[in-house]
Amino acid sequence: MAGHVLALDQGTTSTRAMVFAADARPVAAAQREFPQHYPRPGWVEHSAEDLWLTTLTTARLALEEAGLEARDIAAIGIANQRETTLLWDRESGHAVHNAIVWQDRRTAAHCAELRADGTEALLTERTGLLADSYFSATKLAWLLDNVPGARAAAQAGRLAFGTVDSFLLSRLTDGALHATDATNASRTMLYDIRRGDWDDDLLRLFRIPRAVLPEVRDSAGPFGVAAARYFGGPVAVCGMAGDQQAALTGQACFQPGMVKSTYGTGCFMLLNTGAQAVASRHRLLTTVACQIGGRRTYALEGAIFVAGAAVQWLRDGLGLVAEAAETGALAAAADPEQPVVLVPAFVGLGAPHWDSEARGALYGLTRGTTRRELARAALESVGYQTRDLLEAMRADAGLAEGTVIRVDGGMTASDWSMQFLADMLGAPVDRPRVAETTALGAAYLAGLEAGVFPEPEAFAALWALDRRFAPAMAEERRAMLYARWQTAVRRTCGR
Ligand code: G3P
């Protein structure tokens, strides 16, 4: 039964493993949440062992559920939360500190210095990114400066740096491989996305010894073999990509001009720009979408930090709902006369505002405000933020009239949210039948290399629509609501 592919999707709040058949049908899935650590306000960490153990556990559970063994799996593909930074001992495989998560703001002051001294232009030119603590470089610099003995050990070649993909690969191969793929490298702020290599000027700037860096490879290719003791037999790792790039692949957005938007903890909208790395004039990111056979394709990306996390806050922070799924019905029952707006800047604001000092704000509360209006404000905030991204993309890349947005991720299960999104974007929103596009994208990369999946065009033909949401809101109302959002953001950012 070889011809199945195992996808490992290591995300911010949970790890998932899925098994796909050769026709791209999901046949088994397992998921495990793991603890988030907040040692100080604005700091977010994960235990490296949690990342590894949830990966191993979910992979084994998925294989068991599928009734498959190692010999039935043609390849493993890895997708991962990006930017999250690990530093580990090459000998023991142990991390020298918790992973510093992409949301962590501890290096915001360092990034402010980079903006103030004019270094940001160089960073953007080389890496396509902005001087923000979101990316790995300042996190790695922090680890080297703050973990006792780390800098000396790094210089002596005893430590390895990696994003989660590299760390998992290293564990799966019992330390034999220290590699990443070009999509993950492009999120470190140390990688020249046009030359396709680590950048010596940036390594000097952040005082990163080259000896800690992983080798950068294609997103689809032979990455090594997972040791037999993990799955009862050896399995080749043949694909790797940052989760948002994997979702772009899983959504079959292979043609320039195609857009996908993924709603997990945050929201990440990527526009395929083909072989051209388009520089943004509206504070979007330029990033590697995929690298196959040494050929890179690029994307423009808008990243917002809080999407599903706003709903989680209603559930876990405020206790307003028991299940996230309740919010759609609440929002639908909200009072249309109450203009409650939530700016969910819980960890600052991402694209296109990039204000790491901003914090969340609620506007328009009255004595009559109930949880219904708060639920609507949380769901609407996701639509408004996505519109901010799409407007920036329209201005940067001149999107074709009628461009469709392919959506995925947990929040897309909410019909109410998807209809509001279509209304606010003024564009059709397509929800595919396979919602797990991140895992599918990782599986595709691995399966392409292993000969299980066909070339992109044939794979794209397997993409199937679940439901299209067409914009239906009157233009006047749409403009009024968006103007209200923009005013709320200006106030929140103190502008
Ligand atoms: O850049 C961060 C992103 O990769 C995280 O994605 O799905 O884990 O929230 P997710």
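Residues numbered from 1 in each chain as written. Predicted model: local features only at pLDDT ≥ 70, side-chain atom pairs only at ≥ 80, totals over all residues. Heavy atoms only, no water.

Q: Hey, could you go over the overall build of the chain for me, with residue numbers and the actual values?
A: The secondary structure content of the chain amounts to 17 helices and 23 strands. In summary, the chain has a C-alpha radius of gyration of 22 Å against a globular reference of 23 Å for 495 residues, a match within 12%. Dimensions of the chain along its principal axes, counting C-alpha atoms only, are 60 × 55 × 45 Å. Across the 495 residues of the chain, 61% fall into the buried class. The contacts in the chain between residues at least 6 apart in sequence include a share of 72% that link residues at least 24 apart. Surface accessibility of the chain: about 18100 Å² in total, with carbon and sulfur atoms responsible for 50%. (Helix = DSSP H or I, 4+ residues; strand = E, 2+ residues; numbered from the N terminus. Rg over C-alpha atoms; globule rule 2.2 N^0.38 Å. Buried < 20%, exposed > 50% of the residue type's maximum accessible area, 1.4 Å probe, protein only. Contact = heavy atoms within 4.5 Å. Areas by Shrake-Rupley, 256 points an atom, 1.4 Å probe, with all protein chains shown as cover.)

Q: Give me the site of the ligand: which residues, what numbers.
A: Lining the immediate environment of the ligand, one finds Gly11, Thr12, Gln81, Arg82, Glu83, Trp102, Tyr134, Asp243, Gln244, Thr265 and Phe268. Measuring from an oxygen atom of the ligand, one finds a side-chain N or O atom of Tyr134 at 2.7 Å. In this structure, an oxygen atom belonging to the ligand sits 3.4 Å away from a side-chain N or O atom of Thr265. Along the lines of polarity and charge, the residues of the shell around the ligand split into 3 nonpolar, 5 polar and 3 charged. (Near = heavy atom within 4 Å. Polar contact = N/O pair within 3.5 Å; in protein donor to acceptor, adjacent residues only side chain to side chain. Nonpolar A, V, L, I, M, F, W, Y, C, P; charged D, E, K, R; others polar.)

Q: Any details on helix 2 (residues 108-116)? Residues and values, ideally.
A: Among the residues making up helix 2, those that are buried are Ala108, Cys111 and Leu114. For helix 2, the arc enclosing every buried residue in end-on projection is 115°, short of the 170-degree limit, so these residues lie on one face. More than 90 degrees from the buried face of helix 2, the exposed residues found are Ala109, Glu113 and Ala116. Buried positions along helix 2 lie against helix 3 (120-127), helix 4 (136-146) and helix 8 (200-205). Once helix 2 ends, the next one or two residues include Gly118, with phi positive near 80°. (Arc of directions from axis to C-beta.)

Q: Got a sec to walk through the environment of Met258? Specific residues and values, please.
A: Looking at the element boundaries, Met258 is found in the loop between helix 10 (243-250) and strand 15 (259-263). Each C-alpha atom, one on Met258 and one on Phe223, is 28 Å from the other, the two residues being 35 residues apart in sequence. Every residue in contact with Met258, bar those within four places of it in the chain, is listed here: Ala252, Cys253, Leu270, Leu271, Asn272 and Arg406.

Q: Explain the pairing of strand 5 (residues 73-80) residue by residue, including any values.
A: A large share of strand 5 lies buried, amounting to 7 of its 8 residues. Of the strand pairs in this sheet, strand 1 (residues 4-10) and strand 5 are connected by 7 bridges, and their pairing is parallel. Across the sheet, Leu8 pairs through a bridge with Ile78, a residue of strand 5. Here 5 bridges tie strand 5 to strand 14 (residues 235-242), and the two strands are oriented parallel to one another. In the sheet register, Gly77 faces strand 14, and the bridge partner there is Gly239. (Pairing = 2+ DSSP bridges.)

Q: Pulling in residues and values, what's your account of the confidence of the model for the chain?
A: Across the chain, the average pLDDT comes to 95, with 100% of residues at or above 70. For this predicted complex, the interface score ipTM comes out at 0.97, alongside a pTM of 0.93. (pLDDT = per-residue confidence, 0-100.)

Q: Run through the pattern of salt bridges, naming residues and quoting values.
A: Using the criterion set out here, one finds 31 salt bridges in the structure. A salt bridge links Arg16 to Glu436, with the nearest nitrogen and oxygen atoms 3.0 Å apart. One end of the pair, Arg16, is in strand 2 (residues 14-20); the other, Glu436, is in the loop between strand 22 (429-432) and helix 15 (437-450), and 420 residues separate them in sequence. The residue Glu301 makes a salt bridge to Arg187 at a minimum N-O spacing of 3.0 Å. Taken as a pair, Glu301 in strand 18 (residues 295-304) and Arg187 in the loop between helix 7 (182-185) and strand 10 (191-192) lie far apart in primary sequence, 114 residues in all. There is no split in this pair, since Glu301 and Arg187 are both buried. In the salt-bridge network here, residues are joined through shared partners; they are Arg82, Glu83, Arg187, Asp243 and Glu301. (Salt bridge = Lys/Arg side-chain N within 4 Å of Asp/Glu carboxyl O.)

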